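Structural features, examined
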Amino acid sequence: MKMNIKLHATSDISPHVAGFIVDQDGFIFFKDAFLFLSPKERGVFRLLLEAWPKVVSKAEFSKSIWAGRMSDDALVRCITRLRCSLSPFKLIRINAFYRGGYRLTILPEEVAASASIVSSSTIHARPLDPEKNDPALIQACMHARQLLEQRSLEAIDRAELVLRNTIASAPDCVAAKLLLAQCAVSKINYGADVNRSVIDKGLTMLEWVEGIAPQTSGLQSQIGHLLDCKWDFHEARLRHKRALAMFPDDATANLNYGLHLLIEGAYSDAVAVFRTAVELNPFSPHLAVMLARAGALASGDVNEAVTLARAAYLSHKDSVQTYLYLLCTLATKDPQPEIAHAARHFARTRATWALASGAVSYILARCGDHAGALEIVEKESKEGASIHAIYTAALLSMGMLEEAMTRVKKAVACGCGSLPIILNMPENLGLHKHPDYPEVRLSVFSRVANM
């Protein structure tokens, strides 16, 4: 599959002519109105303004803004926040170029209408969050973000500790509360034993943020994703729709809605949403895998699944996730000992993708290494019940239907987690043969419309 990334046209109108000015200290103004941006957002926007009409490469962002220690996800998150901060300026567009970087475009038809923007209180007198005034809060939140970007359970725990201490000293810190709620989401995604009370606490924090800053970028999407995690799918759908109406160019909002559509079984719609997310963030291997997964579910064809998985891997050859997903699809189509040998290397890989053990156990089981698969399953059984179901595909491949259903029932009893998506995966269709499956499915999907 060839990635469909468009080369966006630019215009002849420079940012300076449109009204954007960078002063000698690096601060940015629009027609004498000071723009309140975080340091990273300001640095990225300054590079885009100064480079116009050229593309700013990832390497240049890393060198100039992150001192050479930038991750792709860090840049994408910053671009997403910058797009949201600049959303009132309809004359601006930030285009992504796959493996290239980003470029600023000024839309000619909107320049004439830009005069009214200056007087808008959301731009000129935008309220400052406490963390934008206190250097210590800024550093604490930045440190927590960096820990979350490491994508390991240990790093999430450390981020949570930093954020709890931050909130204890600054109860009104919006960024810290958003990040603490994100910790709950990350724990679920990366395999921690999370119960509904943890999710409810995250939702309580987000509702507090909504009460004082309802337009906060990412807020509605994060609420929707937490509601999906506690299986309140109807309310989650409303939040996802609201998030995309407010911030259609937010890659994470598109990702979270795509995951919701997988729960609903709306696979073709999920493909369209994930494709948008990939276009907004072409540097994310996770998005590439989710687009491939949705495409495979929509087509129902194992050969197409391999084609899509191979395209995702070729786009992100350094990613454990894309490689293991390709091995999974190859094992599904034509299980061979060579595939199992390639997967064994990642049996203990958790730092980059905490749920890798589920994929590895499935590959080994499909390729005939039942002893190796069972070793992984039994070793990981000490983990929380909410993620026991990630080993269902391996158990089903070995004909262990009763054991697979036992694990699924334990996950059902938790009432939260990633089980809804797991049940819809084709490698778990064998569960339908169990007499208790209809009751299980009703327990999980009772709050999905038309399910």
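Residues numbered from 1 in each chain as written. Predicted model: local features only at pLDDT ≥ 70, side-chain atom pairs only at ≥ 80, totals over all residues. Heavy atoms only, no water.

In the annotation of an unreviewed UniProt entry, the entry for the protein reads OmpR/PhoB-type domain-containing protein, and the organism field reads Collimonas arenae.

1. As for the pattern of salt bridges
Under the criterion given, the structure shown has 12 salt bridges. Its salt-bridge partner being Asp 200, residue Lys 230 comes within 2.7 Å of it at the nearest N-O pair. Separated by 30 residues along the polypeptide, Lys 230 in the loop between helix 11 (219-229) and helix 12 (233-246) and Asp 200 in helix 10 (residues 196-212) bring together distant segments of the chain. A residue is classified by how much of its surface remains accessible, and Lys 230, at 13% relative accessible area, is buried. For Arg 239, the salt bridge goes to Glu 210, with nearest N and O atoms at 2.8 Å. (Salt bridge = Lys/Arg side-chain N within 4 Å of Asp/Glu carboxyl O. Helix = DSSP H or I, 4+ residues; strand = E, 2+ residues; numbered from the N terminus. Buried < 20%, exposed > 50% of the residue type's maximum accessible area, 1.4 Å probe, protein only.)

2. Some points on the nonpolar core
The biggest cluster of nonpolar side chains holds 68 residues, and the ones touching the most others in it are Leu 262, Phe 274, Ile 363, Val 408, Leu 419 and Leu 423. The contact partners of Val 408, leaving out residues within four places of it in the chain, are Ala 389, Thr 392, Leu 419, Leu 423, Leu 431 and Val 440. Counting residues in hydrophobic clusters, the runner-up holds 33 residues, among them Trp 52, Ile 92, Ile 94 and Leu 104. (Core = buried A, V, L, I, M, F, W, Y, C linked by side-chain atoms within 4.5 Å. Contact = heavy atoms within 4.5 Å.)

3. Brief notes about helix 18 (residues 337-344)
Those residues of helix 18 lying buried are Ile 339, Ala 340, Ala 342 and Ala 343. Around the axis of helix 18, the buried residues are gathered within 160° of arc, so they sit on the same side. Turned more than 90 degrees off the buried face of helix 18, the exposed positions are Pro 337, Glu 338 and His 341. In this structure, the buried side of helix 18 is in contact with helix 17 (320-333) and helix 19 (356-366). (Arc of directions from axis to C-beta.)

4. What to know about the pairing of strand 6 (residues 101-106)
Most of strand 6 sits inside the fold, with 6 of its 6 residues counted as buried. Relative to strand 6, strand 4 (residues 56-57) is paired through 2 bridges, and the arrangement is antiparallel. Looking at the pairing, Ser 57 lines up with Gly 101 of strand 6. Of the pairings in the sheet, the one linking strand 5 (residues 92-97) to strand 6 comprises 6 bridges and is antiparallel in character. Note on strand 6: the bridge partner recorded for Ala 96 is Tyr 102. Hairpin connection from strand 5 to strand 6: 3 residues lie between these consecutive antiparallel strands, with Arg 99 at a positive phi of about 60°. (Pairing = 2+ DSSP bridges.)

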